[in-house]
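# Inside the fold
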Amino acid sequence: MAALVTGVAGFIGFHVAHALAARGEAVIGIDSMQRSHNPALTEGRRKALAGIEGFTFAQVDVADAGAMERLFKEHPDIDRIVHLAGQAGVRYSVENPYIYLRNNIEAFVVLLETCRALPALKHLAYASSSSVYGANAKLPFSIEDRTDSPVSLYGATKKAMEVIGHSHARMYGLRLSGLRFFTVYGPWGRPDMAAYMFTEKIIAGTPIQVYNRGEMRRDFTYIDDIVAGILGCLDRPPAAGVHRVYNLGNNRSEDLTDFIAAIERAAGRKAIVEYLPMQPGDMTETYADIEASRRDFGFAPQIGIGEGMARFVAWYRDYYRL
Ligand SMILES: NC(=O)c1ccc[n+]([C@@H]2O[C@H](COP(=O)([O-])OP(=O)(O)OC[C@H]3O[C@@H](n4cnc5c(N)ncnc54)[C@H](O)[C@@H]3O)[C@@H](O)[C@H]2O)c1
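Keep in mind it's a predicted model, so treat the numbers as computed, not measured.

### Section: the sheet that holds strand S4 (residues 78-83)
Across the sheet, which stays open at both edges, the seven strands sit in the order S3-S2-S1-S4-S5-S6-S11 with parallel pairing between neighbours. Looking at which strands have only one partner, the edges of the open sheet turn out to be strand S3 (55-59) and strand S11 (243-248). Here the average twist between neighbouring strands, direction ignored, is 20°. In this structure, strand S1 (residues 2-6) lies alongside S4, joined through five bridges in parallel fashion. Bridged to Ala3 within S4 is Arg80. Sheet strands in contact with helix H1 (residues 11-22) are S1, strand S2 (26-31), S3, S4 and strand S6 (176-181), and its direction is about 165° off that of S1.

Printed below as a string of structure tokens:
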């Protein structure tokens, strides 16, 4: 039996593939290797995965139905799928809307249609996002809350995936779990996200851009906690025909200024801050209620921003030999 990880050359996919292989599983990883924010880092992740015992890579676009059919014919032993391929990022969706339809909605429909040919499929867990909560005022965000008013196209495509997941699970007896990640950071993290951008600029001594005068709060979640949550969920599939959603967040809402201070401590340098207005599509606060994830698969995040950013900055210095 084997697990398929889509988006394996991406930040979260890379770590999930490592963790599955480390517990002795056969892992098939696919990625379209599209030109992303930092192609060199995506390529670096792919290279770092090559040679891992039990791991196989294929360059496949999930939105390509023919390629996915061929993949599943070649690997009928795939019994679990972690679908992390997608177009991430709120701000990029303002400038490049159409790619979100293709890589989030279209790719997901192709995956749901083609995976039905897998004889042994037990569970498909996929990446949703805290962005589905939009401008909800009630905190922390609970999976019981309404999520039909996202404030970005990115959030809307993630919500669309959840709705499509629900209908496909019912129609075809699939077992699906949508995981709403909350601002994930850590080694090999995305260069378009705050943890990476702020670290890069603070170390280089150039100004960091802080939106809404820093009056923002985020539930920052360390990558190891996210991976533990994904695997915990994957190991406990729902009944046939059931689609569930879960929050995977740290369950703490941090001031952006405290997050910057944690980076300053880890980097040993002060930030030069340039304040900018609120960006379109941004949320002022995120905060995860993780009760259901705790109850159903024992999710218990361990790493706070002090320890997490110290680990990130250490990785950053080591990776770029600074
Ligand atoms: N990182 C976060 O904080 C965060 C938060 C909420 C949700 N998410 C979601 O989690 C998932 C993984 O996020 P990430 O941070 O690892 O992003 P990432 O950009 O690092 O990784 C995504 C990977 O998917 C690949 N990809 C994109 N479209 C594809 C396609 N059609 N076929 C095959 N591969 C494709 C990209 O090449 C990339 O390597 C995404 O769906 C993202 O929206 C991430």
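### Overview of unusual backbone geometry
That bond from Leu139 to Pro140 is cis: its omega, -10°, falls within 30 degrees of zero. Looking at the element boundaries, Pro140 is found in the loop between strand S5 (123-129) and helix H6 (153-172). At Asn212, a position not held by glycine, the phi torsion is positive, near 55°. Considering the arrangement of structural elements, one finds Asn212 in the loop between strand S8 (208-211) and strand S9 (217-218).

### Topic: the packing of helix H9 (residues 256-267) against helix H11 (residues 305-319)
At a minimum axis separation of 9 Å, H9 and H11 run at an interaxial angle of 50°. One way to sum up the angle between H9 and H11 is to call them oblique. For the pair H9 and H11, the crossing hand works out as right-handed. For the pair H9 and H11, contact is made by Asp258, Phe259, Ala262, Ile263, Ala266 and Ala267 and by Ile305, Gly306, Met309, Ala310, Val313 and Arg317, respectively. The residue inventory of the contact of H9 with H11, partitioned by class, reads nine nonpolar, one polar and two charged.

### Here's the deal with the site of the ligand
Close to the ligand lie 28 residues; Ile12, Asp31, Tyr154, Val184 and Arg190 are nearest. Gly86 places a polar main-chain atom, nitrogen or oxygen, 3.5 Å from an oxygen atom of the ligand. Within the side chain of Lys158, an N or O atom sits 2.8 Å from an oxygen atom of the ligand. In isolation the ligand has 830 Å² of accessible area, and contact with the protein removes 96% of it. Considering each element in turn, the shell around the ligand owes the most residues, three residues, to S5. When its residues are assigned to classes, the shell around the ligand shows 14 nonpolar, ten polar and four charged.

### Some words on a nonpolar patch on the surface
A cluster of nonpolar side chains, namely Tyr98, Leu101 and Leu153, defines an oily patch on the protein surface of about 320 Å² accessible area. Residue classification places Tyr98 among the exposed residues on the basis of a relative accessible area of 68%.

### A word on the packing of aromatic side chains
Enumeration over the complete set of coordinates arrives at 23 aromatic pairs. Both rings, one in Trp315 and one in Tyr320, keep their centres 6.3 Å apart while their planes meet at 75°; by these two values the pair is edge-to-face. What makes Trp315 buried here is its relative accessible area of 10%. Take Tyr320: its relative accessible area is 30%, and that puts it in the partly exposed class. Through pairs of rings, three or more aromatic residues link up here, namely Phe14, Trp188, Tyr196, Phe312, Trp315, Tyr316, Tyr319 and Tyr320. The ring of Tyr172 has Arg116 lying over it, and the distance from NZ or CZ to the ring centre is 3.6 Å. One Lys or Arg, Arg213, reaches over the ring of Tyr275 and ends 4.5 Å from the middle of that ring.

### A few points about the pattern of salt bridges
Two side chains with opposite charge may pair up if their charged atoms get near one another. Applying the stated criterion across every chain, the model contains 22 salt bridges. Between Arg23 and Asp235 there is a salt bridge; the shortest N-O distance is 2.8 Å. In this pair, Arg23 sits in the loop between H1 and S2 while Asp235 sits in the loop between helix H8 (223-234) and S11, placing the two residues 212 residues apart along the sequence. The exposure class of Arg23 is partly exposed, given its relative accessible area of 37%. Measuring nitrogen to oxygen at the nearest pair gives 3.0 Å for the salt bridge that ties Asp79 to Arg80. Across this residue pair, the class does not change: Asp79 and Arg80 are buried.

Reading the values: rules and limits
Residues numbered from 1 in each chain as written. Predicted model: local features only at pLDDT ≥ 70, side-chain atom pairs only at ≥ 80, totals over all residues. Heavy atoms only, no water. Pairing = 2+ DSSP bridges. Helix = DSSP H or I, 4+ residues; strand = E, 2+ residues; numbered from the N terminus. Axes fitted to C-alpha atoms, helices over the stretch in contact; angles between N-to-C directions. Contact = heavy atoms within 4.5 Å. Parallel < 35°, antiparallel > 145°, perpendicular 65-115°, else oblique. Left-handed = near helix turned anticlockwise from the far one by under 90°. Nonpolar A, V, L, I, M, F, W, Y, C, P; charged D, E, K, R; others polar. Near = heavy atom within 4 Å. Polar contact = N/O pair within 3.5 Å; in protein donor to acceptor, adjacent residues only side chain to side chain. Areas by Shrake-Rupley, 256 points an atom, 1.4 Å probe, with all protein chains shown as cover. Patch = residues over 30% accessible without salt bridge, like charges linked within 9 Å, V, L, I, M, F, W, Y side chains within 5 Å. Salt bridge = Lys/Arg side-chain N within 4 Å of Asp/Glu carboxyl O. Buried < 20%, exposed > 50% of the residue type's maximum accessible area, 1.4 Å probe, protein only. Phe/Tyr/Trp six-rings, centres within 6.5 Å; stacked < 30°, edge-to-face > 60°. Lys NZ or Arg CZ within 6 Å of the ring centre and 35° of its normal.

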